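If you want the building blocks of each chain, they are given just below.
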Amino acid sequence: MDNEIFALDIGTRKVMGIVCRRTEEGIEIIDSETLEHPSRPMLDGQIQNIEDAAKTVRKIKSVLESRGNKKLQKVGVAVAGRDLATYASKAVREFELSEEITPEMVRNLELEAVDKIISSSENISRCYCAGYSPVYYELDGQRTSSLTGHRGKTISCEVIVTLLPKVVLNSMFAVLKKSDLIPTNITLEPISAINAIVPAELRKLNLVLVDIGAGTSDLALTRDGFVFAYGMVPLAGDEITEVISENLLVDFAAAERIKRLLPDEEKIKYEDIWGKKRAVESRILIEKISGITKKLAESIAQAALRLNGGSPPQAVIVVGGGSRTFNLIPELAKEFNLSAEKIGIRLPAAIKTIKNITERLSGPEAVTPLGIAVMTAESSGLNFIEIEVNNKKFKMLDFQQKKDILGALTLSGILARKRLYPRPGMAITCNVNEELKIIKGTLGEPAKILLNGKAIVSLSQKVDEGDKIEFQEAINGEDASCSIKELLGIEHQEIIFNRETLAAVPIVTMNEKEVNLDAAVLDRSHIRAL
């Protein structure tokens, strides 16, 4: 069971679940199930109705558990690139002596580069990291395709970091929680797709991968052996379905069924919103959707060409259920200004690391789910843990080197509002009989931090899944205050004169004005005691 993997692709129209296992030869498919959402809980790749989306996930999970006679608890998932932001980041690591580079050292180097982006103040409060891809590695200043196994004193890596608004991933986490599933590997859909369908040996070519789903069309571009850019177009198969729905006056589900019959049926029968039986010729319907098909191709090409620096790529690979849209491939060829043989659909059969690809997983819509399974098996995505700060729960990226108290407090945003360290009280300086005196304020008290009810040892103390942190803000020190009597250490002196007891008070001036002993000392004052 330890070698078995559960991967889920929660799409705008469908959910696909795959159960597989690791073998020495790669990934072996055990079972799979696909279900359509009965309603529309997702729009443009973004979950809108958490409960409805969770219902579909629970059904798939139940079917696979029943057939396999096993309990599915952990899952690998991917999210669409809606509102995707990408950044480049570089990390460098130096050693005193030449060392052999291990996979763990490379992984930590990559995550260090990722952390530089996600720890910036503008990103940490509103975004989660959804994935990353290495752009290049360097060993002692020389470019290399891999660092593992080499020896050197300096290693570096540049990565593309992809960020998504927290609401996108939080909604995914909520669906999985309602389905009693723990996410162990999270990535971005175009990352999983390109890792599956475009092996390293093809990435020397300048390629554009387009994953056309129902809600979004995700892009990934390769060159010189690496993925160098990601993008997203908020147009996909649903836009074509909506045009059919508007023209034929049918609901969305009926329009989706009609779309899938194009162009195989010469005449398609349907029932409109009035309940009347009707029929439409495929050629007429194809003409009606030609405008939106062209617009989709145009939008994809514009976004890809912009990411590619304005020049056309060497080839375009298309995957995803939306790639089956009638006449889309020829339209893409026109918009990219490529010949027909340089653009086409690449199928799961091309994924060499997967065995037993069944008929249900043979279409282009299965590429991304299979890619999610591969990345989950390799643990090459990201993982999050849930921590609690002052009774509020947060998801924290599982970086081994950053999974500590300070990282958790920063992620929660509490340090933007409350102090970790106290501000010492202001001191008073004065001159007493030409001698400088300093009266210090109090230091205050540092923040009190408890981890699972116990005082922490240090801010670098590690946190784990489910840990609870209690934070009490630091108390600032009090400003210095002192009276003349306290400063000079003098009291009223009693003297007896002619058998009468009298109080003898020394004459004290502050800033050339006579003051009594109870007067407060002023900052930067000149005091003379006579």
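Throughout, residues of each chain are indexed from 1 in the direction in which the sequence is written. Per-residue local features are limited, in this predicted model, to residues with pLDDT of at least 70; the limit for side-chain atom pairs, both in listing and counting, is 80 or more; totals at the level of whole chains, interfaces and linings are taken over all residues. Excluding hydrogens and water, the side-chain figures rest on all heavy atoms present in the structure.

A. Molecular detail of the nonpolar core. Buried residues of nine kinds, namely Ala, Val, Leu, Ile, Met, Phe, Trp, Tyr and Cys, make up a nonpolar core once their side-chain atoms join them within 4.5 Å. Here the term buried applies to any residue with accessible area under 20% of the maximum for its type, exposed to any over 50%, and partly exposed to those in between, with areas from a 1.4 Å probe on protein chains only. Counting 90 residues, the largest nonpolar core has Leu8 and Ile10 as its most contacted members. At nine residues, strand β8 (residues 127-139) tops the list of elements feeding residues into this core. Between two residues, a contact is recorded if the distance between any of their heavy atoms is within 4.5 Å. Residues in contact with Leu8, not counting those within four places in the same chain, are Val15, Met16, Gly17, Val57, Ile60, Val75, Gly76, Val77, Ala78, Leu176, Leu181 and Ile372. Of all hydrophobic cores here, the second largest spans 41 residues; its members include Val243, Leu262, Ile300 and Val318. Numbering of helices and strands runs from the N terminus, with a helix taken as a DSSP run of H or I at least four residues long and a strand as a DSSP run of E at least two residues long.

B. Representation of the pairing of strand β13 (residues 217-223). Among the seven residues that make up β13, six are buried, leaving the element largely enclosed by the rest of the structure. The antiparallel hairpin formed by strand β12 (residues 207-212) and β13 contains four residues in its connecting segment. For two strands to count as paired, DSSP must find a minimum of two bridges between them. Pairing between β13 and strand β14 (residues 226-233): seven bridges, direction antiparallel. Looking at β14, one finds that Leu221 is bridged to Ala229.

C. Here's a closer look at the packing of helix α6 (residues 237-248) against helix α8 (residues 282-307). Between the N-to-C directions of two axes lies an angle of 0 to 180 degrees, each axis being a line fitted to C-alpha atoms and, for a helix, fitted only over the stretch in contact. It is at 9 Å that the axes of α6 and α8 come closest, and there the two elements cross at 145°. For the crossing formed where α6 meets α8, the hand is right-handed. On α8, the residues touching Glu239, Ile240, Val243, Ile244, Asn247 and Leu248 of α6 are Leu285, Lys288, Ile289, Ile292, Thr293 and Leu296. Along the lines of polarity and charge, the residues of the contact of α6 with α8 split into eight nonpolar, two polar and two charged. Two helices cross in a left-handed way if the nearer one is turned anticlockwise from the farther one by less than a right angle. They cross in a right-handed way if the turn is clockwise. Under the convention adopted here, Pro, Cys and the residues Ala, Val, Leu, Ile, Met, Phe, Trp and Tyr are nonpolar, Asp, Glu, Lys and Arg are charged, and Gly plus all remaining residues are polar.

D. Examining empty space enclosed by the protein more closely. Only protein atoms enter the 1 Å grid used here, on which a cavity is any set of points holding a 1.4 Å probe that cannot leave and a pocket is any open set flanked by protein within 12 Å on both sides along at least five of seven lines; residues with an atom within 4 Å of a point are listed as lining. Grid points are joined across faces, edges and corners, and a volume is the space filled by probe spheres set on the points. Within the structure shown, the criterion is met by two cavities of 30 Å³ or more. Roughly 40 Å³ of internal volume is contained in the second largest cavity. Lining the second largest cavity, in full, are Ala130, Gly131, Tyr132, Ile186, Thr187, Ile191, Met375, Ser380, Gly381 and Leu382. Looking at which element gives the most residues to the lining of the second largest cavity, the answer is β8, with three residues. Taken together, the residues of the lining of the second largest cavity break down into six nonpolar, four polar and no charged.

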